[in-house]
Amino acid sequence: MAELTIPQTMTPKRHPGEIAIDRVWRFFCSVRAAVWEVSVLAVMVLIGTLRGSSVPNTIGELLPFTQPLVDRWYAYDIFKSLPFAGLLALLSIAIAVCTINRVPGIWSSITDPTVVTSRGFIASADVSATITPATGADDVTGLLRAHLKARRYRVVEQELNGDTHLYADKNRFGKLGTFPFHLALIMVLVGGIVGARYGFRDDEFIVAEGSTEQLLNGTSLSVRLEDFQDSYNPLGAPMEYRSDLVLYDGDEEVKRQSITVNNPMTYDSVVFYQTSFGPAVSLIVTDLSGTVVYDGTVPLGRYTAKENPDAPAGVLDLPNIGQRLIVVGPDANPAIDPEKDTLGLLSGELHLQLRDTTTAGTAPAQTGTVAVGDGATIGGYTVTFVRDRQWTMLQVASNPGIPIFWAAAFMMIGGLGIVFYFPHRRIRGIVSSASGPQEIQLAALAKRDWSAKRSFEQLIEDIDRELPVTTRITRRDGDARERPAALVSA
Amino acid sequence: MEALVKLSFYCFTAATISLALSALAYVGFAVARIRIRQTSLTTPQGQTFTATTAEYGVGYEGLGRFGSLLLWFTVVFAALAILLRGLAADRVPISNMYEFSMAFVFTASLFYAAVERKYEVKHLGAIVVPIALGMAIYVWTLPARLREVDDLIPALQYNTLMTAHVSSAILAYATFAVSFAAAVLFLINQKRRVSWLPSPEMLDDIAYRSVTIGFPMLSLVLVLGSIWAYRAWGTYWSWDPKETSALFTWLVYAVYLHTRSLRGWRGQRSAIILLLGFAATIFTYYGNYFFGGLHAYGGV
């Protein structure tokens, strides 16, 4: 081997900063680094997953000395931790850098592939074939081209020193599928951040039948519950929870819809989900002059009263008259802890307490009992119990990150489909010059791709079957042992 | 309806029996070709030497064919069991562990049978079919009330999404079972010491191609799950343990896909990652036993 000395002037001195940037760039582009990053992420996800299970407890019981660690494990929400967020950020940067790095090369291999190859390259390929035609090479190349075209290959040829170099590939755009897939991963994170930053949610938005509630998110939206229905099958298992809602923007009705558990109502980016329900009572409160000070529905079950902790209770604030009305319903299961029930209400009765909120709790409450359809006068007000009703609990969420998320999901699945089901297949070949011995040498670029090798062999076998040629397939990988190393036919 | 449910159960019984016999046949096919031969030699001095030789003879091809035939029986009976149950319930029956496991038995058997036809190797059956059998036996250990057809709780009543979400999961798990089997055989035969096993290149290809179906399917499970979660719970990701364990599985297979292009990782390490991936799959599958959380239905 000839010795080669490179003069000093040929290696330009690089700035240390440049070298550092280069190193960082290469770190982000490295698949090896990506493997470690994804592995660490997987371990973090596993730690977070097991936190939601009994597994750490079992470890603590088996190995008592790990108990402090187990306690910390349960206390630590890794998904909301800085290292987790940091790793996601690192991976996002790696994906972005890697994409920028790879696009030009992949694009030029698609639009402008290198056609010229060498006999050495073909000879050293994992699988190669030599076709010796009995007549002329033209018949064989014609058939080869036809077969490649039929298999959806693009064939590019180039003359060099009398030889024809041949490059054929298919699914060349398939390699691009990796980009939408990886970018989608970043978009999922972006969607999550946008949702957390600009969205809002109220998990316990309660509206009673016949009443209207304002959303507490700064918008002018309010929701009215017309009717709530819960239905059960004969065995008592729940079948459906349905709320008939009317949505107002200011005073204007903008939407009317019945929602069930899996059918929320959407308005702009705000979505209303059915989550829970409970009993409510419809009341009318009038003062002594007969003026109505309240006409609406009070949800029960959100509070408990000390007079009977098992019974559903509700609170109605009446700031316009400076009073608070506490409503307690009858106990659904009077047989349970009957000693706690100091009220002894019958079905269809309500216990009422009216407190003056202006005197800050110094005045004793006025109490009374009212039956459905009746009125009771307490503390100078008449409370009429109109009827039993229900309330519904809605989860109200607005998540502007959702469209980003959907786009990402689409790109992710589409990208994967393209990458996996349209694999890039390549074949290189040389048709030797007309003057010398006629020979066509071909090789598949199919390292570690058993299926690509198989399909290359099938191509050669097809040509062998259709023309009077001598073909020889050579496999240089380990698989050669299993399949006949050379297929020779006349 | 009662009769259909019963008939479905009988079909599943038939599927389990043929699956058990098929597993035996496949295992027999893969390992029983070893013949131990003892030869006694007596020297003129009257000493006796006994030589033991192991031979890898051909001669149990019939067992392999028998295994395949029985596996196809399983596919047909499991399909009938699912079909009849679907007719009885008037929905795609994949909503509790009983139905889900039955569907897994069907899908794993069918997918493996297809791989066997494409690659013309039967050795993987010795691993995949016992896994499917394990799942069928698990079905028998489930409480009998799950065999009855119940109406769905409101959170599960989103038929199209549920069907798509759950059936992607079943297909993903089935392909991961096949890639697991290929990885095990790869690790056994990576140095080509076991002449009658398929070549490591082919096993690597089977494992990879199975993952190329399973990984997009698992991605689809996560995506459809998020869509469903968004409609039912108002948030597309809630760090629920079942979600995160599926994410963990997804990440393991993502690592696997990247290692295939890395020197020093491809081959042995890739195959070990596949074993880990399948362990994660099983953990996700039986997650309902360990986790509370939003996926805590399914009857276990």
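Residues numbered from 1 in each chain as written. Chains lettered and ligands numbered in written order. Predicted model: local features only at pLDDT ≥ 70, side-chain atom pairs only at ≥ 80, totals over all residues. Heavy atoms only, no water.

To continue, consider the domain arrangement of chain B. Residue and element names in this part refer to chain B. Considered domain by domain, chain B is made up of domain 1 (1-37 + 57-151) and domain 2 (158-300). Each partner contributes residues to the interface: domain 1 has 31 residues there, and domain 2 has 35 residues. Both faces combined, the contact of domain 1 with domain 2 buries some 2,800 Å², and carbon together with sulfur accounts for 80% of it. Connecting domain 1 to domain 2 are 0 salt bridges. Counting residues per element, the ones that place at least two in the side of domain 1 that touches domain 2 are helix H3 (97-119) and helix H4 (125-141). By residue number, the principal contributor to the side of domain 1 that touches domain 2 is H3, which donates 11 residues. In terms of residue class, the side of domain 1 that touches domain 2 is made up of 23 nonpolar, 5 polar and 3 charged. (Domains from an automatic or database assignment. Contact = heavy atoms within 4.5 Å. Buried area = accessible area lost by both parts, 1.4 Å probe. Salt bridge = Lys/Arg side-chain N within 4 Å of Asp/Glu carboxyl O. Helix = DSSP H or I, 4+ residues; strand = E, 2+ residues; numbered from the N terminus. Nonpolar A, V, L, I, M, F, W, Y, C, P; charged D, E, K, R; others polar.)

This part is about H4(B). In an α-helix, one turn spans 3.6 residues, which is why side chains three or four residues apart end up on the same side. Over its 17 residues, H4(B) runs 24 Å from end to end, which matches the ideal 24 Å to within 8%, given 1.5 Å per residue. Taken as a whole, H4(B) has its buried residues at Gly125(B), Ala126(B), Ile127(B), Val128(B), Val129(B), Ala132(B), Leu133(B), Met135(B), Ala136(B), Tyr138(B) and Val139(B). (Expected span 1.5 Å × (residues − 1). Buried < 20%, exposed > 50% of the residue type's maximum accessible area, 1.4 Å probe, protein only.)

Here the focus is the state of the cysteines. Counted under the stated rule, the structure contains 0 disulfides over all chains. Of all cysteine sulfurs in the structure, the one in Cys29(A) sits closest to Cys98(A), which takes part in no disulfide; the separation is 5.1 Å. (Disulfide = S-S within 2.5 Å.)

Looking now at the pairing of strand S10 (residues 270-287) of chain A. Looking down a regular strand, the side chains alternate between one sheet face and the other. Residue and element names in this part refer to chain A. In this structure, strand S9 (residues 265-267) lies alongside S10, joined through 3 bridges in antiparallel fashion. The residue bridging Tyr267 from the neighbouring strand is Val270, located in S10. From the end of S9 to the start of S10, which pair antiparallel, there are 2 residues, and Asp268 there has a positive phi angle of about 50°. Relative to strand S18 (residues 381-398), S10 runs antiparallel, the two sharing 17 bridges. For Val271, the partnering residue across the bridge sits in S18 and is Ala397. Both S10 and strand S11 (residues 292-299) contribute to a ladder of 7 bridges, which runs antiparallel. Among the inter-strand pairings, Ala280 is bridged to a residue of S11, identified as Pro299. Hairpin remark: S10 followed by S11, antiparallel, with 4 residues in the connecting loop; positive phi at Gly290, about 90°. (Pairing = 2+ DSSP bridges.)

Time to look at the side chain of Thr297(A). Looking at the element boundaries, Thr297(A) is found in strand S11. Overall, the relative accessible area of 7% leaves Thr297(A) in the buried class.

The next thing to look at is the nonpolar core. In this structure, Phe104(B), Leu124(B), Ile206(B) and Phe215(B) are the most contacted members of the largest nonpolar core, which totals 107 residues. If we skip the residues at most four places from it in the chain, Phe104(B) touches Ser109(B), Ala132(B), Met135(B), Ile170(B), Tyr173(B), Ala174(B), Ala177(B) and Tyr285(B). Counting residues in each nonpolar core, the second largest holds 25 residues, with Ile131(A), Leu166(A), Val431(A) and Ile473(A) among its members. (Core = buried A, V, L, I, M, F, W, Y, C linked by side-chain atoms within 4.5 Å.)

Next up on the list: the packing of aromatic side chains. Tallied over the entire structure, the rule returns 26 aromatic pairs over all chains. Residues Phe405(A) and Tyr236(B) carry aromatic rings whose centres are separated by 3.8 Å and whose planes lie at 20° to one another, so their mutual orientation is stacked. One end of the pair, Phe405(A), is in helix H9 (residues 402-421); the other, Tyr236(B), is in the loop between helix H6 (200-233) and helix H7 (241-259), on a second chain. Each of the two residues, Phe405(A) as well as Tyr236(B), counts as buried. (Phe/Tyr/Trp six-rings, centres within 6.5 Å; stacked < 30°, edge-to-face > 60°.)

In this assembly, 56 residues from chain B lie in contact with 57 residues from chain A. Both sides together, the interface formed by chain B and chain A hides about 4,900 Å², and carbon and sulfur atoms give 65% of it. Linking chain B with chain A are 1 salt bridge. Among the ionic pairs, Asp449(A) bridges to Arg209(B), the shortest N-O distance being 3.6 Å. Counting across the chain B and chain A interface gives 6 residue pairs in polar contact (both at pLDDT 80 or more). Element by element, the count of residues in the side of chain B that touches chain A is highest for H6(B), at 19 residues. Of the residues in the side of chain B that touches chain A, the class split is 34 nonpolar, 13 polar and 9 charged. (Polar contact = N/O pair within 3.5 Å; in protein donor to acceptor, adjacent residues only side chain to side chain.)

Turning our attention to the sheet that holds strand S15 (residues 349-356) of chain A. Residues and elements named next belong to chain A. Pairing is antiparallel in the open sheet, where 5 strands are placed in the order S12-S13-S14-S15-S16. Each edge of the open sheet is held by one strand with a lone partner, namely strand S12 (303-305) and strand S16 (366-371). Each adjacent strand pair in this sheet contributes to an overall mean axis angle of 35°, direction not counted. When strand S14 (residues 323-328) meets S15, the two strands line up antiparallel, connected through 6 bridges. Bridging across to S15, Arg324 finds its partner in Arg355. (Axes fitted to C-alpha atoms, helices over the stretch in contact; angles between N-to-C directions.)

Judged by side-chain polarity, Val76(B), Leu80(B), Leu83(B) and Leu87(B) come together as a nonpolar surface patch covering roughly 370 Å² of accessible area. Considering the arrangement of structural elements, one finds Val76(B) in helix H2 (residues 61-89). (Patch = residues over 30% accessible without salt bridge, like charges linked within 9 Å, V, L, I, M, F, W, Y side chains within 5 Å. Areas by Shrake-Rupley, 256 points an atom, 1.4 Å probe, with all protein chains shown as cover.)

Here we come to the sheet that holds strand S21 (residues 469-475) of chain A. Residues and elements named next belong to chain A. Read from one edge of the open sheet, 6 strands run S2-S3-S19-S20-S1-S21, paired in antiparallel fashion. In the strand order of this sheet, the two ends are held by strand S2 (154-160) and S21, each with one partner. Between one strand axis and the next, the sheet turns by 15° as a mean value, whatever way the strands run. Relative to strand S3 (residues 163-170), S2 runs antiparallel, the two sharing 7 bridges.

Right, let's talk about the environment of Gly199(A) for a bit. Residue and element names in this part refer to chain A. Mapped onto the elements, Gly199 comes out in the loop between helix H8 (178-198) and strand S4 (200-208). A relative accessible area of 24% places Gly199 in the partly exposed class. In this structure, the C-alpha to C-alpha distance between Gly199 and Glu253, residues 54 residues apart in sequence, is 23 Å. If near-sequence neighbours (up to four positions away) are discounted, Gly199 is found in contact with Val194, Ser398 and Pro400.

With that settled, consider unusual backbone geometry. Note: most peptide bonds trans; most residues except glycine with negative phi. Non-glycine residue Arg152(A) carries a positive phi angle of around 70°. By the secondary structure assignment, Arg152(A) is in the loop between helix H7 (137-150) and S2. Even without being glycine, Glu120(B) reaches a positive phi, approximately 55°. Structurally, Glu120(B) can be placed in the loop between H3 and H4. The exposure class of Glu120(B) is exposed, given its relative accessible area of 63%.

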